[in-house]
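Each chain, written out:
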Amino acid sequence: MKYDVIIIGAGPGGIFSAYELAVKRPDLSIAVFEAGNPLSKRHCPIDGKKIPSCIKCKTCAIMNGFGGAGAFSDGKYNITNDFGGTLYEYIGKEKAIELMEYVDKINMENGGAQTKMYSTAGSAFKKLCMQNKLTLLNASVRHLGTDINYIVLENLYNKLKDNVDFFFNTPIQNVEIVEGGYCVNSAQISAYCRKCIISVGRSGSKWMETVCHDLDIPTHSNRVDLGVRVEIPAVIFSHITDELYESKIVYRTEKFEDNVRTFCMNPHGIVVNENTNGIVTVNGHSFEDPSKKTENTNFALLVAKHFSEPFKDSNGYGESIARLSNMLGGGVIVQRFGDLVRGRRSTPKRIEESTLRPTLAATPGDLSLVLPKRIMDGIIEMIYALDKIAPGTANDDTLLYGVEVKFYNMEVELDKNLETKHPGLYVIGDGSGVTHSLSHASASGVYVANHIIENM
Ligand SMILES: Cc1cc2nc3c(=O)[nH]c(=O)nc-3n(C[C@H](O)[C@H](O)[C@H](O)COP(=O)(O)OP(=O)(O)OC[C@H]3O[C@@H](n4cnc5c(N)ncnc54)[C@H](O)[C@@H]3O)c2cc1C
């Protein structure tokens, strides 16, 4: 099997590389190898009743398959250089924004046209944040919602399937350098190509490490974000979410001068389990469909932890803390804010008696036994700071789910074309450590596809 270009991973990075190549150079032969299922066969077995929690499937339907980790996400495409990755450091700020807007245009052409774009530009809310020691980061955000995001992916797949060979349930085991290009090997197939794009996302981070080790590609790693997911009645944040939908707000703590930030806001959404390499953590979704909207809003509060020499395993640190919550709670732990500040665990009775209905069946417990004090203190401080701009955030019945961990892939050493030291071998998306979002990952895919087109 010989191709001009092989793409490993069918997440947003891989999909947009394939899309750009297929549209601009239909003469090229392109293959995509994906560890998970086609979109239509991606079903998480957790139903809340018969299967209440993660049963650790062979490939995780949430993280793997066509659409990647973003397939069932809230589909928030943030067009900004302020967060979501450092793509701009490689390709320049203007180019990065231009490509994110280009991706947005393609999403609109493929089913997203009715969705709304929100923006922080000119928002009065910025001043209110500043007056309360909070900083609102600049961004425009397209909210596709989980349902429309799925339709867009379906349409993109239908456009691609006749020009691109997709191999699903085919995890690539290794990449070899051969004369004139690369050979990628799975358990069943070996395929050759002139150019190879690796886009394996967060779920492929461990595999990516082995590739870099085998091919002697330098890497760097030192960051993990830890925190909780906060759930409140939607009305408490409605003045913010109605205007901005997703707001990234940063607070600098008084005690330790750590930055705590909001992340992944889901107005009228649900809190969900997430499985990363067998460890159950927490995340959130929301839907465009009015019938699926809940009365709650959720968002994460995260603290970034950077490590310096000699410690190198920042993800291992995050995993250990997530494991601790899994050990104590059998999965995700939920605690009322009032219980946390009073130094007591939440019990099923206290959750039952509170005014807020949790959208995730998690185990009532004590998050202070799980998260390091420094992180817990920062989160408590931030909740009180948010209470000043959205009174009610620090209510006793506010729910905190833990732990939320944002793992970062190690950064692969790449040049300004996102090419490794081996010519024709590119690493894009979250698997490169350069991006951490749908928009940046997709833009990196378009960028590399164009670089290949120019050089082929
Ligand atoms: C629940 C959830 C909600 C999210 N919500 C948002 C959001 O609203 N906005 C936002 O910007 N970001 C969100 N994110 C993050 C976003 O999904 C990622 O940043 C984005 O998907 C990264 O794209 P990617 O293509 O780099 O990697 P992925 O999307 O992770 O795709 C990588 C693909 O590679 C495959 N793969 C891995 N290893 C191999 C291998 N060895 N061989 C073959 N295939 C392999 C995987 O199966 C996967 O399908 C969310 C993530 C999750 C989990």
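Provided above is the structure to which this section pertains.
Residues numbered from 1 in each chain as written. Predicted model: local features only at pLDDT ≥ 70, side-chain atom pairs only at ≥ 80, totals over all residues.

Colleague: Would you take a moment to explain the sheet that holds strand β17 (residues 296–306) for this structure?
Modeller: In a beta sheet, neighbouring strands pair by backbone hydrogen bonds and run either parallel or antiparallel. Taken together, the eight strands give an open sheet; going across it, the order is β5-β13-β14-β17-β12-β20-β18-β19, and neighbouring strands pair in mixed fashion. Two strands lie at the open edges of the sheet, namely β5 (134–136) and β19 (363–364), each paired on one side alone. Sheet analysis places strand β18 (residues 333–336) next to β19, joined by two bridges and oriented parallel. The residue of β19 that forms the bridge with V334 is P364. Contacts from helix α7 (residues 234–244) reach β12 (223–233), β14 (259–266) and β17, with the element oriented near 115° to β12. The sheet contacts of helix α8 (residues 314–329) involve β12, β17, β18, β19 and β20 (399–407), and relative to β20 the element is tilted by about 150°. (Pairing = 2+ DSSP bridges. Helix = DSSP H or I, 4+ residues; strand = E, 2+ residues; numbered from the N terminus. Contact = placed C-beta atoms within 7 Å. Axes fitted to C-alpha atoms, helices over the stretch in contact; angles between N-to-C directions.)

Colleague: Got a minute to help me understand the sheet that holds strand β3 (residues 76–79) in this structure?
Modeller: Ordered in space as β3-β6-β4, the three strands form an open sheet in which the pairing is antiparallel. Two strands bound the open sheet, and with one partner strand each, they are β3 and β4 (116–119). Sheet twist, expressed as the average angle between the axes of neighbouring strands with direction ignored, equals 20°. Pairing geometry for β3 and strand β6 (residues 140–143), over four bridges, is antiparallel. Residue N78 lies in a different strand from β6, and its bridge partner there is V141. Where helix α3 (residues 93–112) meets the sheet, its contacts fall on β3 and β6, and the angle it forms with β3 comes to roughly 150°.

Colleague: Explain the nonpolar core here, please?
Modeller: A general tendency of soluble globular proteins is for nonpolar side chains to be buried together. Core analysis: the largest hydrophobic core is formed by 132 residues, its most contacted members being I6 and Y401. Sequence-distant contacts of I6, that is, excluding residues within four places in its chain, are made with A31, F33, V184, A191, C193 and C196. (Core = buried A, V, L, I, M, F, W, Y, C linked by C-beta atoms within 7 Å. Buried ≥ 20, exposed ≤ 12 C-beta atoms within 10 Å, placed from the backbone.)

Colleague: Any chance you could explain the environment of V141 here in plain terms?
Modeller: Locating V141 in the fold gives a position in strand β6. In this structure the C-alpha to C-alpha distance between V141 and G75, which are 66 residues apart in sequence, comes to 9.7 Å. Here V141 is in contact with K76, Y77, N78, Y118, Y245 and E246, once residues within four sequence places are set aside.

Colleague: What exactly am I supposed to notice about the pairing of strand β15 (residues 270–276) here?
Modeller: Successive side chains on a regular strand alternate, one facing one side of the sheet and the next facing the other. Among the seven residues in β15, six count as buried, and that is most of the element. In the sheet, β15 pairs with strand β16 (residues 279–285) via seven bridges, with the strands oriented antiparallel. Along β16, the bridge assignment pairs N275 with V280. Adjacent in sequence and paired antiparallel, β15 and β16 are bridged by two residues, among which N277 carries a positive phi angle near 50°.

Colleague: Looking at this structure, how should I read helix α12 (residues 438–454)?
Modeller: With 17 residues, α12 should reach 24 Å at 1.5 Å per residue; the first-to-last C-alpha distance of 25 Å fits that figure. Among the 17 residues that make up α12, 13 are buried, leaving the element largely enclosed by the rest of the structure. (Expected span 1.5 Å × (residues − 1).)

Colleague: What's the story with helix α1 (residues 12–24) in this structure? I'm lost.
Modeller: Its 13 residues place the ends of α1 18 Å apart at the C-alpha level, agreeing with the 18 Å of an ideal helix rising 1.5 Å per residue. Along α1, ten of the 13 residues are buried, which leaves the element largely enclosed by surrounding structure. Of the positions making up α1, those classed as buried are P12, G13, G14, I15, F16, S17, A18, Y19, E20 and L21.

Colleague: What is the right way to read the environment of G111 from this model?
Modeller: Within the secondary structure layout, G111 lies in helix α3. Look past the residues within four positions of G111 in its chain and what remains in contact with it is I148, I151, V152 and N155.

Colleague: Honestly, the packing of α3 against helix α5 (residues 145–160) in this entry has me stumped. Any pointers?
Modeller: How two helices sit against one another is set out by the angle between their axes and by the gap between those axes. Packing of α3 against α5 brings their axes to within 8 Å, and their N-to-C directions diverge by 95°. In terms of orientation, α3 and α5 fall into the roughly perpendicular class. Taking contact as the criterion, the partners of N107, N110, G111 and G112 in α3 are, on α5, I148, I151, V152, N155 and L156. Split by residue class, the contact of α3 with α5 holds four nonpolar, five polar and no charged. (Parallel < 35°, antiparallel > 145°, perpendicular 65-115°, else oblique. Nonpolar A, V, L, I, M, F, W, Y, C, P; charged D, E, K, R; others polar.)

Colleague: Is there a simple way to explain unusual backbone geometry in this structure?
Modeller: Glycine aside, a negative phi is what most residues show, and trans is what most peptide bonds show. Note that the residue after E309, namely P310, is joined by a cis bond; omega there is 10°. Within the element layout of this structure, P310 appears in the loop between β17 and α8. Of the consecutive residues G402 and V403, the connecting peptide bond is found in the cis state with omega at 0°. For V403, the position within the fold is in strand β20. Of note in this structure, K133 is not a glycine but carries a positive phi near 65°. Mapped onto the elements, K133 comes out in the loop between α4 (125–131) and β5. Take K133: there are 15 C-beta atoms within 10 Å of it, and that puts it in the partly exposed class. In this structure, L418 is a non-glycine residue whose phi angle is positive, near 60°. By C-beta crowding, L418 is classed as buried, having 24 other C-beta atoms within 10 Å.

Colleague: How do you make sense of the packing of α1 against α12 when you look at a structure like this?
Modeller: Close contact between α1 and α12 brings their axes to 7 Å; oriented N to C, the two are set at 35°. The crossing of α1 and α12 is right-handed. Only L438, A441, S442, S444, G445, V446, V448, A449, N450, I452 and I453 of α12 make contact with α1, whose side of the interface consists of P12, G13, G14, I15, F16, S17, E20, L21 and K24. Counted by class, the contact of α1 with α12 contains eleven nonpolar, seven polar and two charged residues. (Left-handed = near helix turned anticlockwise from the far one by under 90°.)

Colleague: Can you help me understand the site of the ligand in this one?
Modeller: The full set close to the ligand counts 42 residues, and G9, G11, G68, G201 and G429 are the nearest of them. Put simply, the parts of the chain that give the shell around the ligand at least two residues each are α1, β3 and α12. Within the shell around the ligand, the residues separate by chemical class into 13 nonpolar, 23 polar and six charged. (Near = placed C-beta within 6 Å.)

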